[in-house]
Amino acid sequence: MIGLGSLPGLPFGSEAFAINNLDQVIGRSGWPYVTGEPFLWYPQGGMVSLYEHPNGRMYSATDINDSTCIVGYGEVFGVGAGAVRWTPAGGLELLTDDDGGGLWEAAAVNNLGQLVGRSGEGFMWDPRAGPRSLGQLFRNGSASRETVPTDINNSGEVVGICYWPNDDRRCF
């Protein structure tokens, strides 16, 4: 085990959320559970903040793939806030639905650049095809009220949680 440290000037240490096959880690440094700055840690250079970008801010980082594509929640100035992805080549990008509206938050990304998240309902976003709804799960003739994807593999298979109106939940 290796201690990763924390970003300078931020109290309360750091939390790690995901690691890729290049040993790059993303997480949050600073106030736990509320605010703080997302970070990228890599073996050759240590921890760097992902918060400030020329065109916006990343507020949370939730996953990283082997191409160092990082997803989470953020804001692109003059465009809006919601699900974002950051790549070394493309910088910070706000992901939108088919109508140009923002998607709420990205949860996970695979090595093909496909990502999943939620925006009132679960979505999958593909770099070539754009967003699509994951739909609802049905049980005993009743539709789930909310679909929350939590991960996606390199085959495009998605897992997560569906909630019903009575707050019962089931995984998918």
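Described in the following lines is the structure provided in the data block. Remember, it's a predicted structure, so these values are computed and weren't measured experimentally. Each chain carries its own residue numbering, running from 1 in the direction its sequence is written. Local features in this predicted model are restricted to residues of pLDDT 70 or higher, and side-chain atom pairs are both shown and tallied only at a pLDDT of 80 or more, whereas totals for entire chains, interfaces and linings draw on every residue. Note: side-chain values were computed over all heavy atoms of the structure, leaving out hydrogens and water.

## Observations concerning the overall build of the protein chain
Numbering of helices and strands starts at the N terminus; helices are DSSP runs of H or I of at least 4 residues and strands are runs of E of at least 2. When helices and strands are tallied, the protein chain shows 0 helices and 18 strands. Our radius of gyration looks at C-alpha atoms and nothing else; its globule reference is 2.2 Å times the residue count to the power 0.38. Against the globule reference of 16 Å for 172 residues, the protein chain gives a C-alpha radius of gyration of 17 Å, in line with a compact fold. Along the longest, intermediate and shortest principal axes, the C-alpha atoms of the protein chain span 55 × 35 × 30 Å. Relative accessibility thresholds used throughout: buried, under 20% of the residue-type maximum; exposed, over 50%; partly exposed, between the two (1.4 Å probe, protein chains only). Residues counted as buried form 39% of the 172 residues belonging to the protein chain. Accessible surface is estimated by sampling points in the Shrake-Rupley manner with a 1.4 Å probe; for residues, cover comes only from the protein chains shown. Just so you have it, the protein chain exposes about 9100 Å², and 51% of that area is on carbon and sulfur atoms.

## Here we look at the pattern of salt bridges
One speaks of a salt bridge when a side-chain nitrogen belonging to Lys or Arg is within 4 Å of a carboxyl oxygen belonging to Asp or Glu. Per the stated rule, a full pass over the model turns up 7 salt bridges. In this structure, D126 engages R128 in a salt bridge whose closest nitrogen and oxygen atoms are separated by 3.8 Å. Judged by relative accessible area, which is 10%, D126 ranks as buried. Residue D168 pairs with R170 through a salt bridge whose shortest N-O separation is 3.0 Å.

## What to know about the pairing of strand β7 (residues 70-76)
In terms of residue burial, β7 counts as a mostly covered element, since 5 of its 7 residues are buried. Two strands form a pair only when DSSP identifies at least two bridges running between them. Of the strand pairs in this sheet, β7 and strand β8 (residues 80-87) are connected by 7 bridges, and their pairing is antiparallel. Looking across to β8, one finds that G72 is bridged to V84. Hairpin connection of β7 to β8: 3 residues between the antiparallel strands, including G78 at a positive phi of 80°.

## Details of the nonpolar core
Throughout, nonpolar core names a set of buried Ala, Val, Leu, Ile, Met, Phe, Trp, Tyr and Cys residues whose side chains join them through atoms within 4.5 Å. Of all hydrophobic cores here, the largest spans 13 residues; its most connected members are I26, L50, M58 and I70. Those elements that provide at least two residues to this core are β6 (56-64), β7, β8 and β9 (91-94). Sorting elements by how many residues they give to this core places β6 first, with 3 residues. Ranked by size, the runner-up nonpolar core spans 10 residues in total, among them A106, V109, L115 and F123.

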